[in-house]
Amino acid sequence: MFRSIALSLCLLFATHAQAGEIKEMAARPAPALKLTGLDGKTHDLKDYRGKVVLVNFWATWCPPCRAEMPSMQRLKTMMQDKPFVILAVDMAETEKEIRDFLKEFKDTKIDFTILLDPKGSAIKDWKVHVFPTSFLVDTEGNIRYGVAGSLEWDMFDPTSKIDSLLPAAKPQ
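Residues numbered from 1 in each chain as written. Predicted model: local features only at pLDDT ≥ 70, side-chain atom pairs only at ≥ 80, totals over all residues. Heavy atoms only, no water.

Asker: What am I meant to see in the overall build of the chain here?
Answerer: The number of helices and strands found in the chain is 5 helices and 8 strands. Reading the secondary structure of the chain in the N-to-C direction produces α-β-β-β-β-α-β-α-β-α-β-β-α. Burial statistics for the chain: of 172 residues in total, 51% are counted as buried. Carbon together with sulfur atoms contributes 54% to the accessible area of the chain, which is approximately 9,200 Å² in total. (Helix = DSSP H or I, 4+ residues; strand = E, 2+ residues; numbered from the N terminus. Buried < 20%, exposed > 50% of the residue type's maximum accessible area, 1.4 Å probe, protein only. Areas by Shrake-Rupley, 256 points an atom, 1.4 Å probe, with all protein chains shown as cover.)

Right, dumping it as structure tokens:
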């Protein structure tokens, strides 16, 4: 039932959500996020304090979600030496469905953290209504930017926003 409602919302908003725009938000504490990842480990957003976190809500059956995955992987590679992490929250799908989906990427190995939200609780807590929806959380755990729709994450605008949230380099 939840999946069919979410699919309907994705299709309803697909024409509007395909090309997202990153928008600054009034800083506010991010909702709790504690889920199990495909790696079998529990991931808690609180454990990522001190890092900028891209929290992305997605599903394998959502075309705009699928389209932005390679750019998210390129972003992860670009930011590998910086305090930055991606937490991609999958909406109510099985581990098998997600793993099968990831095998479809022949040219790009998707290896950022994917979290399982089997009951859709995180989606409700974060008030996600369009897929994909993403948030940039600063090093203190506050939401600073949001995107409703897909984005080329490795382009100048998103990367400059992420850079602005990173801690300043300490002089040597």
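Asker: Would you mind going over the side chain of Thr113 with me for this structure?
Answerer: Mapped onto the elements, Thr113 comes out in strand β6 (residues 113–117). When near neighbours in sequence (up to four residues on either side) are disregarded, Thr113 contacts His43, Ile86, Leu87 and Ala88. (Contact = heavy atoms within 4.5 Å.)

Asker: Got a minute to help me understand the sheet that holds strand β1 (residues 23–29) in this structure?
Answerer: Two orientations exist for strands paired in a sheet by backbone hydrogen bonds: parallel and antiparallel. Pairing in this open sheet of 8 strands is mixed, and the strands run β1-β8-β7-β4-β5-β6-β2-β3 from one edge to the other. Unpaired on one side and paired on the other, β1 and β3 (42–44) mark the two borders of the sheet. The mean inter-strand angle of the sheet, taken between neighbouring strand axes irrespective of direction, is 30°. Examined bridge by bridge, strand β5 (residues 84–91) and β6 share 5 bridges and lie parallel to one another. Bridging across to β6, Met91 finds its partner in Asp117. (Pairing = 2+ DSSP bridges. Axes fitted to C-alpha atoms, helices over the stretch in contact; angles between N-to-C directions.)

Asker: I keep staring at the environment of Gly149 and nothing clicks. Help me out?
Answerer: The residue Gly149 is located in the loop between β8 (142–148) and α5 (156–165) in this model. On the basis of relative accessible area, Gly149 is assigned to the buried category, the value being 0%. Distance in space between the C-alpha atoms of Gly149 and Ser134 is 7.9 Å, their sequence separation being 15 residues.

Asker: Would you explain the pattern of salt bridges in this entry?
Answerer: One side chain can pair with another of opposite charge once the charged atoms of both are near each other. Summed over the entire model, instances satisfying the criterion amount to 10 salt bridges. In this structure, Glu152 engages Arg74 in a salt bridge whose closest nitrogen and oxygen atoms are separated by 3.0 Å. With Glu152 in the loop between β8 and α5 and Arg74 in helix α2 (residues 63–78), the pair connects residues that are 78 residues apart, well separated along the chain. Taking the relative accessible area as the measure of exposure, Glu152 reaches 39% and is therefore partly exposed. Among the ionic pairs, Lys96 bridges to Asp100, the shortest N-O distance being 2.6 Å. Placement of both Lys96 and Asp100 in helix α3 (residues 95–103) is noted, with a separation of 4 residues, approximately one turn of the helix. The structure contains a network of salt bridges with shared partners spanning Arg74, Glu152 and Asp154. (Salt bridge = Lys/Arg side-chain N within 4 Å of Asp/Glu carboxyl O.)

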